[in-house]
Amino acid sequence: MATAAAHQTARTHGSAGQEGDIDADDTYQRVFDATVAADERIEPRDWMPDAYRATLVRQIAQHAHSEIIGMQPEANWITRAPSLRRKAILMAKVQDEAGHGLYLYSAAETLGASREDLLDKLHTGRQKYSSIFNYPTLTWADVGAIGWLVDGAAITNQVPLCRCSYGPYARAMVRVCKEESFHQRQGYELLLALSRGTTEQHAMAQDAVDRWWWPSLMMFGPPDDESAHSAQSMAWKIKRHSNDELRRRFVDICVPQAESLGLTLPDPDLKWNEERGHYDFGPIDWTEFKEVLKGNGPCNEQRITQRKAAHDEGAWVRESAAAYAAKHSTRTGVEQA
Amino acid sequence: MTDTDWPLWEVFVRSRRGLSHTHAGSLHAPDAAFALRNARDLYTRRGEGVSLWVVPSSAITASSPDEKDPFFEPAADKPYRHPTFYEIPEGVKHL
């Protein structure tokens, strides 16, 4: 596989033949720390601690996997979209999700990960994707609820990532965030149309919101005191805000939006807290979150099976394109000789 | 599977006439024609560009970040390359 000079790390930790001694590593660490402290970006060829690299690969890969697995629950409704307008919108959105996955895989590759290897880890369950995509899309209203709540939660998470200390990840997130805004608005508009429609349509919208609300809150990850990687990620400025902080921000944004939709959020404890300046909300069922994470969600198996099937059934396309390219380059080689 | 592993390409997009191409990201493709098509689909879905370049990543030679100081140092001690180096009497116009 061709590796990019522009992406290669000039000197990896303790690599042979280089000044891999302790003093040199110390200097590199200091340069790295100073760069992060100054809020500048770390770029692919810079020296970085092994753990920083590993954390980023894990996070970016999981993020990329989430984007491409996330295509499935929505693609489920493309053929049954209620109008040509909605169908065109949904196809554009699903295509965007594929694009987001590709931006992110590229960012992971600048850290030395290989695309094949990342996909293999997804297919064999060694790397995860967001638990939210293990819930089914039962009705057309779910497409709206995903756009409004799931993409809304994703945006809340992703906007701070545009300032992440690792340059390629931050740049990918800028592009993703620009596009997510359309995703969220189309979802909101879809739900609004249903909410203002017939009684049945309104009920369908409410049912979708009832099912997606809590899983969306779980997207921010475990509470701060139980989040394994949070503190280090924040020190490295990969992460800028804590899970609970982002979750609170999301709830505050959603409550008035739900009111405008004419829909309710399924939480009897949800109410404005004048003192804190935030909405209070009820306890999250973390047992459910852990079960889904463990692979016991409604759709875990289906998502991976479908992903593997798509990959395997597309093998002939990749092989043909590679064969064509090889044949073509041989011919060009002959002509040039 | 490894024999079908497509090479990596760097994508440069000219956002509009009058501006230079800017690095947008990278992608995998079996050849240049596919790389262009994929770049169109991946980086210009919303009219972000009027022209695209794709370059095999392996064709790029990059300066080493370790050389940052010595490599770029020579520029730092030549302030006379900047217009602000020169003192011009007040009132002189169009300079």
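All figures in this text were calculated on a predicted structure; none of them were measured in a lab. (Residues numbered from 1 in each chain as written. Chains lettered and ligands numbered in written order. Predicted model: local features only at pLDDT ≥ 70, side-chain atom pairs only at ≥ 80, totals over all residues. Heavy atoms only, no water.)

Give a description of the packing of aromatic side chains that names residues and reports values.
All names here are of chain A. Taken as a whole and assessed by the stated rule, the structure comprises 15 aromatic pairs over all chains. With a centroid separation of 6.4 Å and an interplanar angle of 70 degrees, the aromatic rings of tryptophan 77 and tryptophan 140 are classed as edge-to-face. One end of the pair, tryptophan 77, is in the loop between helix H3 (71-75) and helix H4 (84-109); the other, tryptophan 140, is in the loop between helix H5 (115-123) and helix H6 (141-158), with 63 residues separating them in the sequence. Of the residues examined, tryptophan 77 reaches a relative accessible area of 9% and is grouped as buried. Linked through ring pairs, Tyr28, Phe32, Trp47, Tyr52 and Trp236 together constitute an aromatic cluster. One residue, arginine 80, lies across the ring of tryptophan 77, its end atom 3.9 Å from the ring centre. When the ring centre of tyrosine 103 is taken as reference, the NZ or CZ atom of arginine 175 above it lies at 5.3 Å. (Phe/Tyr/Trp six-rings, centres within 6.5 Å; stacked < 30°, edge-to-face > 60°. Helix = DSSP H or I, 4+ residues; strand = E, 2+ residues; numbered from the N terminus. Buried < 20%, exposed > 50% of the residue type's maximum accessible area, 1.4 Å probe, protein only. Lys NZ or Arg CZ within 6 Å of the ring centre and 35° of its normal.)

I'd like to hear about the sheet that holds strand S1 (residues 8-14) of chain B, residue by residue, with values.
Residues and elements named next belong to chain B. Read across the open sheet, the three strands follow the order S2-S1-S3; overall the sheet is antiparallel. The sheet is open, and its two borders are formed by strand S2 (22-28) and strand S3 (51-56), each paired with just one other strand. Taken pair by pair, the neighbouring strands of this sheet meet at an average axis angle of 30 degrees, ignoring direction. (Pairing = 2+ DSSP bridges. Axes fitted to C-alpha atoms, helices over the stretch in contact; angles between N-to-C directions.)

Before we move on, could you go through helix H2 (residues 50-69) of chain A and cite the residues and values that matter?
Three- or four-residue spacings in an α-helix give side chains the same orientation, since the helix completes a turn every 3.6 residues. An ideal rise of 1.5 Å per residue puts 28 Å on 20 residues; H2 of chain A measures up with 28 Å between its terminal C-alpha atoms. For H2 of chain A, a buried count of 14 out of 20 residues is recorded, marking the element as mostly surrounded by other parts of the structure. (Expected span 1.5 Å × (residues − 1).)

Break down helix H7 (residues 167-195) of chain A for me, citing the residues and quoting the values.
Taking 1.5 Å per residue, 29 residues should reach 42 Å; H7 of chain A reaches 42 Å between its end C-alpha atoms and fits that length. Along H7 of chain A, the largest kink reaches about 25 degrees and is centred on glutamate 179 of chain A. (Bend = angle between axes of the 7 residues up to and from the residue.)

Can you tell me about the pattern of salt bridges, naming the residues and giving the values?
This model, assessed by the stated rule, comprises 23 salt bridges over all chains. Among the ionic pairs, arginine 115 of chain A bridges to glutamate 109 of chain A, the shortest N-O distance being 2.9 Å. Both residues of the pair, arginine 115 of chain A and glutamate 109 of chain A, belong to the buried class. Of the charged contacts in the structure, one is a salt bridge between lysine 78 of chain B and aspartate 77 of chain B, with a shortest N-O distance of 3.3 Å. (Salt bridge = Lys/Arg side-chain N within 4 Å of Asp/Glu carboxyl O.)

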